[in-house]
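# Descriptive structure summary
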Amino acid sequence: MIPIDDSPLTRDGKVLILAYDHGLEHGPVDFEDVPESANPERVFDVATHDAVTSLAVQKGIAEAYYPSYEDDVNLLAKLNGTSNLWRGEPDSAVNWSVDYAHEVGADSIGFTVYGGSNNEIEMVEEFRDAQEKAREYDMPAVMWSYPRGQGLRNAKTPESIAYSARLGLELGADVAKVKYPGSQAAMEETVRMAGKTKVVMSGGSKRSDEEFLSNVKSVIDAGGAGLAVGRNVFQRENPERLLDALEKVIFEETSVEAALDAAEAAAPEAE
Ligand code: FBP
C-alpha cells in the first residue's frame with residue numbers, strides 16, 4: 001500500500017465511498033423502492049455531498065455522466081464486475097483498463113477479489129496488473145474483498161472477514177472493503193489484520209437509520225477508516241439526510257444520537 005491521506009479518496013484520513021454499480025451487480029431490483037435511483041444523475045447529485053469522498057461506478061456510467069460532474073465529484077473506477085445473471089463460480093469480468101479509467105478522469109480504482117473462489121488465482125493476477133498500473137498514476141486501489149466460492153463454508157464468519165482484510169494488505173490494496181463482521185470486537189480484529197491497509201465497511205442491504213449508523217460507529221470506534229455504501233444511501237427518499245449523519249459519525253466521530261439530532265435539525269423528517 002501507499003500513503004493515500006492526500007488523495008481525493010480520503011478526507012482527514014477517512015473514507016466514504018458512495019457505491020453505484022448495483023445496476024450491474026444486482027440489476028434493476030435495487031432501484032424498485034426509489035425509482036429515481038435508476039437515474040445516474042440523481043446519484044451523481046447525491047455524490048456532490050461533502051461527506052462523499054468518491055463515487056464508485058462502472059465504465060459505462062462514468063463515460064456517460066462523469067463529464068458533467070468532474071468538478072464536483074471524485075471518481076472511483078470500479079474496474080471489474082459481474083451481473084447477477086451469471087450463475088457460475090464467483091468471478092468478475094475486467095470491464096475497463098486503468099489507462100482508460102485515468103483518461104475518463106478517475107482518481108482511484110476499485111477491484112473485486114473473491115478469495116476462496118475457484119477463480120481466485122486469475123482474479124488476484126488481474127488485481128496485480130491493475131494495482132501496479134494504478135501506482136503509475138498515483139491512484140489508490142480499493143479491494144472489494146469478499147470471501148466467496150464453491151469450496152468456502154462460513155464466508156461471513158469474523159475469521160473469514162478478518163482474512164479478507166488481510167488479503168487486502170498482502171496483495172497491496174490501499175483500502176480493503178469488507179462486510180461487517182458482526183461486532184466491534186470482530187471489526188477491531190479485522191482492522192488489526194489489515195495493518196496499514198485502511199478498512200471500510202461494505203454497506204449491505206437497507207437498515208434503519210439507527211441500526212446502520214450504529215454499525216458505522218462501531219467500525220470507526222474499531223479503528224476502521226469508514227464506509228463504502230450504496231443501497232443504504234440511494235434507497236432512501238432523502239439520502240442527503242443520512243449523509244449529514246454519516247458525516248458526523250465518520251469525520252467528526254460523534255455519537256449516533258448527536259449525528260441524528262444534527263441531521264434532523266438540518267433537514268427535519270416529514271411527519
Ligand atoms: P451496498 O452498500 O449496497 O451493499 O453496496 C456495496 C457493494 O459492494 C456494491 O459496490 C456492490 O454492488 C454490492 O455491494 C455487491 O454486494 P454483493 O456482492 O454482496 O451482492
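Since this is a predicted model, take the numbers as computed values, not measurements.

Across the 5 residues that make up strand β1 (residues 15-19), a large majority, 5, are buried. For β1 and strand β2 (residues 54-57), the ladder comprises 3 bridges, and the chain directions are parallel. By the bridge assignment for β2, Ile17 is matched with Ser54.

On the surface, Glu32, Asp33, Glu36 and Glu237 cluster together into a negatively charged patch. Structurally, the position occupied by Glu32 is in the loop between α1 (22-25) and α2 (40-47). When its relative accessible area of 57% is taken as the criterion, Glu32 is described as exposed.

Our focus in this paragraph is the layout of surface pockets. Approximately 480 Å³ is the volume found for the largest pocket. Lining the largest pocket we find 29 residues, and of these Glu25, His26, Tyr114, Tyr146 and Arg148 sit closest to its centre. Of all elements in the fold, only α1 and β10 (226-229) reach the threshold of two or more residues within the lining of the largest pocket. Its residues assigned to classes, the lining of the largest pocket shows 8 nonpolar, 11 polar and 10 charged.

At their nearest, the axes of helix α10 (residues 239-251) and helix α11 (residues 256-266) sit 8 Å apart, and the two run at 140° to each other. When the axis of α10 is compared with that of α11, the two are oblique. Crossing of α10 over α11 shows right-handed handedness. Residue-level contacts link Arg241, Asp244, Ala245, Lys248 and Val249 of α10 to Val256, Ala259, Leu260, Ala262, Ala263, Glu264 and Ala266 of α11. Looking at the contact of α10 with α11 residue by residue, the classes come out as 8 nonpolar, no polar and 4 charged.

Take the pattern of salt bridges next. Applying the stated criterion across every chain, the model contains 16 salt bridges. Its salt-bridge partner being Glu253, residue Lys14 comes within 2.7 Å of it at the nearest N-O pair. Taken together, the positions of Lys14 in the segment before β1 and Glu253 in the loop between α10 and α11 put the pair 239 residues apart, joining distant regions of the chain. Here the salt bridges share partners, and the residues they tie into one network are Asp209, Arg236, Arg241 and Glu264.

Before going further, it helps to examine the side chain of Gln58. If you trace the backbone, Gln58 turns up in the loop between β2 and α3 (59-65). Looking at Gln58, its side chain comes within polar contact range of the side chain of Asn95, at 3.0 Å. With residues up to four places along the chain from it excluded, the contact list for Gln58 reads Asp21, Leu24, Lys78, Leu79, Asn80, Gly81, Asn95 and Trp96.

For the rest of this paragraph, the subject is the site of the ligand. Every one of the 16 residues lining the ligand counts as a neighbour, but His26, Tyr146, Lys177, Lys179 and Arg231 are closest to it. Between the ligand and Asp21 there is a distance of 2.7 Å, counted from an oxygen atom to a side-chain nitrogen or oxygen. At a separation of 2.7 Å, an oxygen atom of the ligand approaches a polar side-chain atom of Arg231. When isolated, the ligand has an accessible area of 480 Å², and the protein chains bury 91% of it. Given that more than half its atoms are within 2 Å of the pocket grid, the ligand belongs to the largest pocket.

Calculation notes
- Residues numbered from 1 in each chain as written.
- Predicted model: local features only at pLDDT ≥ 70, side-chain atom pairs only at ≥ 80, totals over all residues.
- Heavy atoms only, no water.
- Buried < 20%, exposed > 50% of the residue type's maximum accessible area, 1.4 Å probe, protein only.
- Helix = DSSP H or I, 4+ residues; strand = E, 2+ residues; numbered from the N terminus.
- Pairing = 2+ DSSP bridges.
- Patch = residues over 30% accessible without salt bridge, like charges linked within 9 Å, V, L, I, M, F, W, Y side chains within 5 Å.
- Areas by Shrake-Rupley, 256 points an atom, 1.4 Å probe, with all protein chains shown as cover.
- Salt bridge = Lys/Arg side-chain N within 4 Å of Asp/Glu carboxyl O.
- Lys, Arg positive; Asp, Glu negative; His and termini not counted.
- Charge placed at Lys NZ, Arg CZ, Asp CG, Glu CD.
- 1 Å grid on protein atoms, 1.4 Å probe; cavity = no way out; pocket = protein on both sides within 12 Å on 5 of 7 lines; lining within 4 Å.
- Points joined across faces, edges and corners; volume = space filled by probe spheres on them.
- Nonpolar A, V, L, I, M, F, W, Y, C, P; charged D, E, K, R; others polar.
- Axes fitted to C-alpha atoms, helices over the stretch in contact; angles between N-to-C directions.
- Parallel < 35°, antiparallel > 145°, perpendicular 65-115°, else oblique.
- Left-handed = near helix turned anticlockwise from the far one by under 90°.
- Contact = heavy atoms within 4.5 Å.
- Polar contact = N/O pair within 3.5 Å; in protein donor to acceptor, adjacent residues only side chain to side chain.
- Near = heavy atom within 4 Å.
- Sits in = over half its atoms within 2 Å of the grid points.

Shape descriptors only; they carry no functional weight alone.
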